[in-house]
Amino acid sequence: MDKVGKYQFLAEPFHCDFSGRLFMGHLGNHMLNAADFHSTDRGFGMRYLMTIKRSWVLSRLAIEITEMPAQYARFSVETWVENAMRYFTQRNFAVTDEFGKVYGYGRSVWAMIDTESRQPTDILAINDGAINQWIEKDKPCPIEKGGRVKMTDSAVLVRTIDTNYSDVDINGHINSVKYIEHVLDLWDIDWYREHSVRRFEIAYVAESHAGDKLSFYRQQTADNEYCVRVCKEGDQEVCRSKVVFEVN
């Protein structure tokens, strides 16, 4: 079995936006699915971890895309582990069409938690550090890693939303991709008629759960670049995001 996994997907029409291109949130879902397929096939995936009360949780995700797959397009997500430490592992992605054209890349950081205590646990203790034999350092991922999203107190409250049943994932907290969708919904459809997302970063700070109200604070930090802070009640920060747009 190769260190790099490659998985086929289809840009289903109901997963595409008004322009006929895949939603960023669905691309994120496909990346997370590829990560799960890759880790499960190699013995450190969710199927096994749930039997020992462990789970992967996404800590950071950066996606840089030059073009989104169009509806009905068949595309692949390649994924590989770049590095593994005691409490975090770095996993990369490449998205290509069926002819090898590159749509874009992704970088992610994952932690492993104890599902009862919700505290970080030792990744290298799983099957005597089995993840180490799958590390691939030589395959390039030519985008920057997600950095610290810097914001000031001048960020403006744009929206507050309720969280509900469909926001919650298998870990019992708000799904990682749901945050992506909620952040991108801060701009209206007219904005997206003239702009496309070229880079999306998100860093998760704390968990939120069904019933929590989430408040979104937005700040423009450069031309076509915005940062978003998401807080739950009590002004506790749960994640930060940076979105870089390109004018169509």
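Above this note sits the structure.
Residues numbered from 1 in each chain as written. Predicted model: local features only at pLDDT ≥ 70, side-chain atom pairs only at ≥ 80, totals over all residues. Heavy atoms only, no water.

Engineer: Is there a simple way to explain the nonpolar core in this structure?
Structural biologist: Most often, soluble globular proteins keep nonpolar side chains buried together rather than apart. Membership of the largest hydrophobic core comes to 58 residues, with the highest contact counts inside it found for M24 and L27. Take this core: its biggest share by element is 6 residues, from helix 1 (residues 24-41). When sequence neighbours within four positions are dropped, the list of residues in contact with M24 reads I63, I65, M68, I180, L184, V197 and F200. V149, M151, Y217 and C227 belong to the second largest nonpolar core, which has 6 residues in total. (Core = buried A, V, L, I, M, F, W, Y, C linked by side-chain atoms within 4.5 Å. Buried < 20%, exposed > 50% of the residue type's maximum accessible area, 1.4 Å probe, protein only. Helix = DSSP H or I, 4+ residues; strand = E, 2+ residues; numbered from the N terminus. Contact = heavy atoms within 4.5 Å.)

Engineer: Where do I start with the side chain of S108 in this structure?
Structural biologist: Checked against the element boundaries, S108 lands in strand 5 (residues 102-114). Overall, the relative accessible area of 2% leaves S108 in the buried class. A polar side-chain atom of S108 sits 2.9 Å from a polar atom in the side chain of W110. (Polar contact = N/O pair within 3.5 Å; in protein donor to acceptor, adjacent residues only side chain to side chain.)

Engineer: Explanation requested: the environment of T115 in the structure shown.
Structural biologist: For T115, the position within the fold is in the loop between strand 5 and strand 6 (156-162). Taking relative accessible area as the criterion, T115 reaches 25% and is therefore assigned partly exposed. Considering only alpha carbons, one finds T115 and G172, 57 residues apart in sequence, at a separation of 9.5 Å. Every residue in contact with T115, bar those within four places of it in the chain, is listed here: K53, R54 and S55.

Engineer: How should I be thinking about the pairing of strand 9 (residues 225-232) in this particular structure?
Structural biologist: The two faces of a sheet get side chains in turn, since along a regular strand they alternate between them. Most of strand 9 is tucked away, with 8 of its 8 residues classed as buried. Burial of strand 9 is two-sided: the residues E225, C227, R229 and C231 facing one way and the residues Y226, V228, V230 and K232 facing the other way are all buried. Here strand 8 (residues 213-222) pairs with strand 9 via 8 bridges, running antiparallel. Each bridged residue has a counterpart across the sheet, and for Q219 the counterpart in strand 9 is C227. Once strand 8 ends, the chain turns through 2 residues before running back antiparallel as strand 9, passing N224 with a positive phi of about 60°. Here strand 9 folds back onto strand 10 (residues 236-247), and the loop between the two strands holds 3 residues, one of which, G234, carries a positive phi near 90°. (Pairing = 2+ DSSP bridges.)

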